[in-house]
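# Descriptive analysis of the structure
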Amino acid sequence: MSVNIYDTANQLEQDLRKTDEFQKLDAAFKAVKEDEEANQVFNEFRQVQQLIQQKQMSGQEITEEEAQQAQEVSNKIGENELITNLLEAEKSVGQMIDDINQTVLKPVRELYQ
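Computed from a prediction, not measured in an experiment: that's the story for all the values here.

### Focus: the packing of aromatic side chains
Two aromatic rings are characterised by how far apart their centres lie and by the angle between their planes. If you walk through the whole model with that rule in mind, you get two aromatic pairs. Both rings, one in Phe29 and one in Phe42, keep their centres 6.4 Å apart while their planes meet at 80°; by these two values the pair is edge-to-face. Note that Phe29 is positioned in helix 2 (residues 20-34) and Phe42 in helix 3 (residues 36-57), a separation of 13 residues in sequence. Judged by relative accessible area, which is 31%, Phe29 ranks as partly exposed. Taking the centre distance of 6.3 Å and the plane angle of 35° together, the rings of Phe42 and Phe45 count as tilted. Linking Phe42 with Phe45, this pair stays in helix 3, spanning three residues, or about one helical turn. By relative accessible area, which is 5% here, Phe42 ends up buried. Taken together, the ring pairs in this structure connect Phe29, Phe42 and Phe45 into an aromatic cluster.

Reading the values: the criteria
- Residues numbered from 1 in each chain as written.
- Predicted model: local features only at pLDDT ≥ 70, side-chain atom pairs only at ≥ 80, totals over all residues.
- Heavy atoms only, no water.
- Phe/Tyr/Trp six-rings, centres within 6.5 Å; stacked < 30°, edge-to-face > 60°.
- Helix = DSSP H or I, 4+ residues; strand = E, 2+ residues; numbered from the N terminus.
- Buried < 20%, exposed > 50% of the residue type's maximum accessible area, 1.4 Å probe, protein only.

Next up, the structure:
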């Protein structure tokens, strides 16, 4: 019996979009985009996060100024309910994807045990 695993993956992608977790993420993201202040803080957060990740991946030290900037942005995020909701929704979707990943990789893990 031949199985087209890509059909299953495409169906999973469609099903993921219908989950409550994804719907909450979608709504939270739209709410941030529609709020000028929240959107600005969120974009600043993403830029700082990307800079720090790039430096860490290349083995570069993070300067004290960059660390302070990250802390300031983190404080702004904690004060913004729209962004906090977005990050919580991202975390929920991320956990669901991790759970799915564990299930999908189970045969490979079992093979190596």
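That covers the picture; the talk isn't over yet.
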